Amino acid sequence: MATRSVSDPFPAEALAVRARGVTRTFGDRTVLRGIDLDIRPGEFVALLGRSGSGKSTFLRALAALDTEVTGEIFVPEQRAVGFQDPRLLPWARVLDNVVLGLPGSDSSARGLQALAEVGLADHARDWPKTLSGGEAQRAALARALVREPALLLLDEPFGALDALTRIRMHRLVAELCARHHPAVLLVTHDVDEAVVLADRVLVLTDGVISLDRPIASTFPRPRLRSDPRFAELRSELLAELGVEDDGSLTADSVPDSVPEPELVLDPQESSS
Ligand code: ADP
Ligand code: MG
């Protein structure tokens, strides 16, 4: 019952998440109705759903942050969670936020490397309040990555960012995931974000996964918004969400050509 981590006979090399019959009731309202889900190691899964459909409830269950959920959940010990609010401690400098609680005498070096990977090497000694929203979210990503998670759980991490910053974050996340290949569950209500980033897109409706759509094999990256396959997938997903695609919902109508973010991406340089 409830949540268990993998250290027992669970075949961790075969699956990063194995959830069976995950159910959550608040009072007389059942929000999750027996969800079954497998996620393979290194697989990037996006979870879409209308507001209030239970996305965050499910993510909290996988993160073992909810002790009242029922069903079976197997997740790796090594996991990290990110939220819309970067949740940096205001009284700790950026680097200290990244390495807080991280064991090992080389934690500072690893933290600096993670900051370099997200383009924040120059901000290691800064206070969180001096960072922009995008920078704070990148610091939160560094904090997650430095833990070398086998499973990365992200709950609308870019929801508070402006459109261009969000696009840059998409590129960064795609790049970091390609390099570190954790399994990812990205909760989002942004259909375009899901199509850009995921190997597979799920839709949560009425407490169950109503659509489980693999896209990696049929639509290789980079997935340009101008590609007809993009529009097709968007329409399919919007229909599943019960939203009509009238062309106005194209995630801020962002062009494909967005300037590259200024990133310092040379993690090998400082790796030990
Ligand atoms: P989503 O992330 O998809 O917007 P949530 O998982 O946050 O949705 O919430 C799903 C439903 O569960 C909502 O109706 C919400 O009000 C309800 N809910 C979530 N957490 C609690 C809680 N701690 N107590 C009572 N109801 C909750
Ligand atoms: Mg939510």
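For the structure given in this document, a descriptive report is provided here.

## A short note on the site of ligand 1
- Neighbouring residues of ligand 1: Phe26, Val31, Gly49, Ser51, Gly52, Ser53, Gly54, Lys55, Ser56 and Thr57.
- When residues of the shell around ligand 1 are assigned to their parent elements, the largest contribution, three residues, is made by helix α1 (residues 55–62).
- Considering only residue class, the shell around ligand 1 consists of two nonpolar, seven polar and one charged.

## Considerations on the pairing of strand β9 (residues 200–205)
- Bridging between strand β4 (residues 44–49) and β9 involves five bridges; their strand directions are parallel. Pairing of alanine 46 across the sheet is with valine 201, part of β9.
- Adjacent in sequence and paired antiparallel, β9 and strand β10 (residues 208–214) are bridged by two residues, among which aspartate 206 carries a positive phi angle near 50°.

## Brief notes about the sheet that holds strand β8 (residues 183–187)
- Read across the open sheet, the six strands follow the order β6-β7-β8-β4-β9-β10; overall the sheet is mixed. Edge positions in the sheet fall to β6 (79–83) and β10, since each has one partner strand and no second. The mean angle between the axes of side-by-side strands here comes to 15°, regardless of whether they run parallel or antiparallel.
- Bridge analysis of strand β7 (residues 151–155) against β8 gives five bridges, and the strand direction is parallel. When the sheet's bridge partners are listed, aspartate 155 is paired in β8 with valine 187.
- Helix-sheet contacts for helix α7 (residues 228–240) involve β4, β9 and β10, and the interaxial angle to β9 is about 20°.

## Some words on the packing of helix α4 (residues 133–145) against helix α5 (residues 163–180)
- Between α4 and α5, the least distance of the axes is 11 Å, while the angle of their chain directions is 15°. As summarised for this structure, α4 and α5 are arranged roughly parallel, according to the angle between their axes. Between α4 and α5 lies a crossing whose hand is right-handed. Of α5, the residues touching α4 (which contributes Gly133, Gly134, Gln137, Arg138, Leu141 and Leu145) are Thr165, Arg168, Met169, Leu172, Leu176 and His180.

## What to know about the nonpolar core
- The biggest cluster of nonpolar side chains holds 70 residues, and the ones touching the most others in it are Ala46, Leu48, Leu62, Ala142 and Leu185.
- No other element matches the seven residues that α4 contributes to this core.

## So, the environment of histidine 189
- In this structure, histidine 189 sits in the loop between β8 and α6 (191–197).
- Put simply, histidine 189 and leucine 47 are 142 residues apart on the chain and 8.1 Å apart in space, counted from C-alpha to C-alpha.
- Once residues within four sequence positions are removed from consideration, histidine 189 is found in contact with Leu48, Ser51 and Glu156.

Scoring rules and cut-offs
- Residues numbered from 1 in each chain as written.
- Chains lettered and ligands numbered in written order.
- Predicted model: local features only at pLDDT ≥ 70, side-chain atom pairs only at ≥ 80, totals over all residues.
- Near = placed C-beta within 6 Å.
- Helix = DSSP H or I, 4+ residues; strand = E, 2+ residues; numbered from the N terminus.
- Nonpolar A, V, L, I, M, F, W, Y, C, P; charged D, E, K, R; others polar.
- Pairing = 2+ DSSP bridges.
- Axes fitted to C-alpha atoms, helices over the stretch in contact; angles between N-to-C directions.
- Contact = placed C-beta atoms within 7 Å.
- Parallel < 35°, antiparallel > 145°, perpendicular 65-115°, else oblique.
- Left-handed = near helix turned anticlockwise from the far one by under 90°.
- Core = buried A, V, L, I, M, F, W, Y, C linked by C-beta atoms within 7 Å.
- Buried ≥ 20, exposed ≤ 12 C-beta atoms within 10 Å, placed from the backbone.

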